[in-house]
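Chain and residue survey
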There are 2 protein chains.
Amino acid sequence: MKHPASLPLLTLTLAALPAALPAADDARAIHERLITFDTHLDTPANFSKPGWDIMDRHSYETDRSQVDYPRMVQGGLDGGFWAIFTAQGPRTPEGLAAARDKALMRGVEIREMVAKHSDKFELAFDAADAARIHAAGKRVVYMSVENSYPIGKDISLIQTFYTLGVRMMSPAHTSNNDLADSATDTNGSEWQGLSPLGKEFVAECNPLGIILGASHSADSVFDQMLELSKTPLILSHSGPKGANNHPRNIDDERIKQLAAKGGVIQINSLSGYLIPQPVIPERNAALAQLYVKFGLPAPQARGAGGAGGGAAGGAGRGGRGGRGGSLEGAQRTAFMQAMGEIDEHYPLPQATFEDYMRHILYTLKLVGPEHVGFGADWDGGGGVEGMRDITGCPKITERLLKEGYTEKDLANMWSGNVIRLLKAAEDCAAKTKN
Amino acid sequence: MKHPASLPLLTLTLAALPAALPAADDARAIHERLITFDTHLDTPANFSKPGWDIMDRHSYETDRSQVDYPRMVQGGLDGGFWAIFTAQGPRTPEGLAAARDKALMRGVEIREMVAKHSDKFELAFDAADAARIHAAGKRVVYMSVENSYPIGKDISLIQTFYTLGVRMMSPAHTSNNDLADSATDTNGSEWQGLSPLGKEFVAECNPLGIILGASHSADSVFDQMLELSKTPLILSHSGPKGANNHPRNIDDERIKQLAAKGGVIQINSLSGYLIPQPVIPERNAALAQLYVKFGLPAPQARGAGGAGGGAAGGAGRGGRGGRGGSLEGAQRTAFMQAMGEIDEHYPLPQATFEDYMRHILYTLKLVGPEHVGFGADWDGGGGVEGMRDITGCPKITERLLKEGYTEKDLANMWSGNVIRLLKAAEDCAAKTKN
């Protein structure tokens, strides 16, 4: 009552002040407003599991899964790039044909999931689809190809995957293939980067409007793709070597080059890439036995115990190459359970949510929020203590707001950046056609 | 009241008598009990039409469609083989790649339709699936490939289509291709039957468990497939030359050979194949103009006006090769409308339900009900006066009962025969694996 005239001014001033430390419910409101994408969802690997339904609520504790519709709602995750993942197999005509068929069917399974639940999900093909589908209250399903081994030696199959809906492709996975060197092949470089076919691959993706991804590829492949691609690259699920020196992470200089060309790095939450991992010979022996039992090659697990394996050995814990990537259905479940037992007997240090944030903040300081996003490798080995599944996504938003990043920054990180890359790829395609 | 004791005896006698002329409602009850398949449903060509939904009721009069879920219920049609049809195009690497992609996507569209309406439809892969799905009250969706041009020169793509769900494949359509000669290519024979690749095609389908189909193929192809195939052949939508001398129909001797080897002919209801068609030069000129307007090649229509075109010219009316087979969506609708106008201006004689029955009865007399069925070319040019869509299916049952065929005969014709062929293909595949 003493200074009634000053009240409106005070109110105005408070409202205009940026909230340095927003309350969790404010952060949640912001998180809900954003279009939130993860750029590497390995969830489609679960679609063929008997009885597994994306509309049911699962838990990491019971079936190790990390993404389903109820948890997307709870975690405020609007969608992203759903991966057609193919484990690297034999580079024989039979191996290539089998990989092609498996990848096509994984794509079919993604489309069947969307068709079956068309009230909740929608396929996205163009950059503009993201906002439209989000506004309609549905989850956004872009498709990506992790490991382009399925195209074999037939470049025309890139068009096939594009027609199926794929808008992001990366050449290799944990081993070298006919297109490119991997960052983690224990035999070292085969092509000194991209093979001649791999260069054709890059040249073919550009005019189609496919974003090129370099996660899992050797640094030399990254360098050559950065040079050759007419549109910005993505590292759809990678981290900074500066925060943990692992071959699946990338050095500061390359992250800066990526950003300088308009690209984006989407930070991975896979524990083995976030913190140093010791070599435990007994663990590696148990893993080797497990792989033999399931008839799997285990390049990374083998590397772990071998000379010079070093930090790379940690990938034996979490890398999907080391998680029975080529197994399906009940076999995959059995393998994951046995893997869980080995984890219990010979535990490796587990990265925490703070480790994940350390990687995110490190990269943000390096190149800023227009070049960083999230590709946490959900259902592909990602997840940390304190964020075991996508219900933890709002914590990332909350924490980054506390660190002073704005809603606009978050909008870029959660989807704006990758949509910008898709738009650039589309524009390149349109220009090629004209 | 005079002879009360004789009443029970009389009742018993009447009940035991076979109904020589069953009432329509009895026939309908029998029709409902049977598992009823058509082995050549071209309906998937409608799936990509904007706004076209299989759950809506359409009519032949309004959109020329002949199959949808409400009409399947009304017509008591339980399912069948849903075709992945690809119009013959250029035999260049680009043409082959485009055909492969188009056919794969048509397969994807079939699977999406089933996923979207999984309470009403179910994909069928094995012979045993038919009864199981029918008992569950759903419509049965086997997949077939009409024209194997999409496999190009890559035999391994047969496995791809098998994995996608295809259980029946025919090598050619209205023109010769890299696999085989067509029955209607105006240039005549190119391979004197199957090409060397076509022989590989036959050898590859057998161990996979795919039924081989010879509709649209030249007689020489039929002869060679009959010789080479380890399991009985199907003519999924063909007719007897003895009832109308058209190159798309087949002669008595070959029908008998087909039956002797356990095979089956599924009678087509396409008007141009059922009755002789006159050559109308003005009509052919209008058709030629229409094809130019839509950028289509028109091999059959051209043949109609040419020397020696004869009866084959009639295919310009109804054959799907002459119905804008390669057109999609709105373009297809526009083409069909324009085609309808030409039909109005220059009408061809229209076959009737009686003509269709004449073809069926002719073939039944030749080889019996274990070797005859129905492949009416719905949504691919089939349909006659008095049976314009699948709501007419019960009339076939009613009429055949009147002709003295039994419920068991009808069960074979409507699905038992083709399921027998699929079982034979499966057994061959199992034997190959052992």
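As a reminder, the structure under discussion sits directly above these lines.
Right, let's walk through the structure included here. Every value quoted in this text rests on a predicted model; they were computed, and no experiment measured them.

1. A word on the side chain of Asp 409 of chain B
Residue and element names in this part refer to chain B. Examined against the element boundaries, Asp 409 turns out to sit in helix 18 (residues 407-433). There is no salt bridge for the buried Asp 409, and the closest opposite charge comes from Lys 408, which lies 6.5 Å off by N-O distance. Separated by 2.9 Å, the side chain of Asp 409 and the backbone nitrogen of Thr 406 make a polar contact.

2. Here we look at the pairing of strand 7 (residues 234-240) of chain A
All names here are of chain A. Within strand 7, seven of the seven residues are buried, which leaves it mostly tucked inside the rest of the structure. Looking at chain direction, strand 7 and strand 9 (residues 264-267) are connected through three bridges and run parallel. For Leu 235, the partnering residue across the bridge sits in strand 9 and is Ile 265. Judged from the two bridges that link them, strand 7 and strand 8 (residues 249-250) form a sheet pairing that is parallel. Bridge assignment links Pro 240 to a residue of strand 8, and that residue is Ile 250.

3. Focus: the relation of the copies chain A and chain B
Overlaying chain A on chain B yields an RMSD of 0.0 Å, the required transformation being a rotation through 180° with an accompanying axial translation of 0.0 Å. Here the copies are linked by what is in effect a two-fold axis. When C-alpha positions in chain A are compared against the rotation axis, the closest is assigned to Lys 116 of chain A, at 2.1 Å.

4. Notes on helix 10 (residues 252-260) of chain A
All names here are of chain A. Inspection of helix 10 places Arg 254, Ile 255, Leu 258 and Ala 259 among the buried residues, and these make up the whole buried set. Projected down its long axis, helix 10 shows its buried positions confined to an angular sector of 140°, all on one face. Contacts made by the buried residues of helix 10 are with helix 9 (219-228), strand 7, strand 8, strand 9 and helix 16 (353-367). With a side-chain oxygen positioned 3.2 Å from the backbone nitrogen of Glu 253, the residue opening helix 10 is Asp 251. Following helix 10 by one or two positions, Gly 262 has its phi on the positive side, about 90°.

5. Examining unusual backbone geometry
Residues other than glycine predominantly adopt negative phi, and peptide bonds predominantly adopt the trans conformation. One non-glycine residue, Asp 379 of chain A, adopts positive backbone phi at about 65°. Mapping Asp 379 of chain A onto the fold places it in the loop between strand 10 (372-374) and helix 17 (393-402). According to the relative accessible area criterion, Asp 379 of chain A is buried, its value standing at 6%. With a phi angle near 55°, Gln 192 of chain B is a residue other than glycine that sits in the positive phi range.

6. As for the packing of helix 10 (residues 252-260) of chain B against helix 16 (residues 353-367) of chain B
Residues and elements named next belong to chain B. Where helix 10 meets helix 16, the axes come as close as 10 Å, and the angle between the chain directions of the two elements is 60°. One element, helix 10, and the other, helix 16, form an angle in the oblique class. Considering only the axes of helix 10 and helix 16, their crossing is right-handed. The segment helix 10 lies against helix 16, with Asp 252, Ile 255, Lys 256 and Ala 259 engaging Tyr 362, Thr 363, Leu 366 and Val 367.

7. Notes on the packing of aromatic side chains
This structure, assessed with the given rule, holds 18 aromatic pairs over all chains. Ring plane angle 75° and centroid distance 6.0 Å describe the contact between Phe 37 of chain B and Tyr 142 of chain B, whose orientation is recorded as edge-to-face. Linking Phe 37 of chain B in strand 1 (residues 37-41) with Tyr 142 of chain B in strand 4 (residues 139-146), this pair joins segments that are 105 residues apart in sequence. When the centroid spacing of 5.3 Å and the interplanar angle of 90° are considered together, the rings of Phe 294 of chain B and Phe 335 of chain B count as edge-to-face. Of the two residues, Phe 294 of chain B is situated in the loop between helix 12 (281-293) and helix 13 (299-305) and Phe 335 of chain B in helix 15 (residues 329-345); the sequence distance between them amounts to 41 residues. Taking relative accessible area as the criterion, Phe 294 of chain B reaches 12% and is therefore assigned buried. In textbook terms, an aromatic cluster arises when at least three aromatic residues are bridged by ring pairs, as seen for Phe 47, Trp 52, Tyr 69, Trp 82 and Phe 121 of chain A. Over the ring of Tyr 162 of chain A we find Arg 167 of chain A; its NZ or CZ atom is 3.7 Å from the centre of that ring.

8. Quick word on the interface of chain A and chain B
Opposite the 19 residues of chain A that make contact, chain B presents 19 residues. Interface area for chain A against chain B, summed over the two sides, is near 1,500 Å², with a carbon-plus-sulfur share of 57%. Taken as a group, Arg 100, Met 105 and Glu 112 of chain A account for 29% of the area that chain A buries against chain B, more than any other trio of residues on that side. Counting every contact that joins chain A to chain B gives four salt bridges. One salt bridge connects Asp 154 of chain B with Arg 100 of chain A, and the closest N-O pair in it is separated by 3.2 Å. Mapped by element, the contributors of at least two residues to the side of chain A that touches chain B are helix 5 (93-116) and helix 7 (157-164) of chain A.

9. A few points about the nonpolar core
Within the largest apolar cluster, 167 residues are counted, with the highest numbers of intra-cluster contacts made by Trp 82 and Leu 400 of chain A together with Trp 82 and Leu 400 of chain B. Not counting the four nearest positions on each side in its chain, Leu 400 of chain A is found in contact with Met 357, Ile 360, Leu 361, Leu 364, Phe 374, Tyr 405, Leu 410 and Met 413 of chain A.

10. Some details on the sheet that holds strand 9 (residues 264-267) of chain B
Here four strands make up an open sheet; going across it, the order is 8-7-9-10 (chain B) and the pairing parallel. Strands at the two margins of the open sheet, each flanked by one partner only, are strand 8 (249-250) and strand 10 (372-374) of chain B.

11. Some thoughts on the pattern of salt bridges
All chains considered together, the criterion is met by 52 salt bridges over all chains. Measuring nitrogen to oxygen at the nearest pair gives 2.7 Å for the salt bridge that ties Asp 223 of chain B to Arg 254 of chain B. Placement of the pair is Asp 223 of chain B in helix 9 (residues 219-228) and Arg 254 of chain B in helix 10, with a sequence separation of 31 residues. Owing to a relative accessible area of 19%, Arg 254 of chain B belongs among the buried residues under this scheme. Several salt bridges share partner residues, and in doing so they unite Asp 219, Asp 223, Lys 241, Asp 251 and Arg 254 of chain A into one network.

12. Topic: the sheet that holds strand 9 of chain A
Backbone hydrogen bonds are what pair the strands of a sheet, in a parallel or an antiparallel way. All names here are of chain A. Spatial ordering of the open sheet is given by 8-7-9-10, a layout of four strands whose pairing is parallel. At either margin of the open sheet sits one strand with a lone partner, and together these are strand 8 and strand 10. Running over the sheet, helix 18 (residues 407-433) touches strand 7, strand 9 and strand 10 and is turned about 110° from strand 10.

13. Quick look at the side chain of Ser 144 of chain A
With respect to the element layout, Ser 144 of chain A can be found in strand 4 (residues 139-146). If sequence neighbours within four positions are ignored, Ser 144 of chain A has contacts with Phe 81, Trp 82, Ala 83, Ile 84, Val 166 and Met 168 of chain A.

14. Regarding the state of the cysteines
A full pass over the atoms with the stated rule returns zero disulfides over all chains. Not engaged in a disulfide, the cysteine Cys 205 of chain B finds its nearest cysteine sulfur in Cys 428 of chain B; these two sulfurs lie 11 Å apart.

Parameters and conventions
Residues numbered from 1 in each chain as written. Chains lettered and ligands numbered in written order. Predicted model: local features only at pLDDT ≥ 70, side-chain atom pairs only at ≥ 80, totals over all residues. Heavy atoms only, no water. Helix = DSSP H or I, 4+ residues; strand = E, 2+ residues; numbered from the N terminus. Buried < 20%, exposed > 50% of the residue type's maximum accessible area, 1.4 Å probe, protein only. Lys, Arg positive; Asp, Glu negative; His and termini not counted. Salt bridge = Lys/Arg side-chain N within 4 Å of Asp/Glu carboxyl O. Polar contact = N/O pair within 3.5 Å; in protein donor to acceptor, adjacent residues only side chain to side chain. Pairing = 2+ DSSP bridges. Least-squares fit on C-alpha atoms with pLDDT ≥ 70 in both. Arc of directions from axis to C-beta. Contact = heavy atoms within 4.5 Å. Axes fitted to C-alpha atoms, helices over the stretch in contact; angles between N-to-C directions. Parallel < 35°, antiparallel > 145°, perpendicular 65-115°, else oblique. Left-handed = near helix turned anticlockwise from the far one by under 90°. Phe/Tyr/Trp six-rings, centres within 6.5 Å; stacked < 30°, edge-to-face > 60°. Lys NZ or Arg CZ within 6 Å of the ring centre and 35° of its normal. Buried area = accessible area lost by both parts, 1.4 Å probe. Core = buried A, V, L, I, M, F, W, Y, C linked by side-chain atoms within 4.5 Å. Disulfide = S-S within 2.5 Å.

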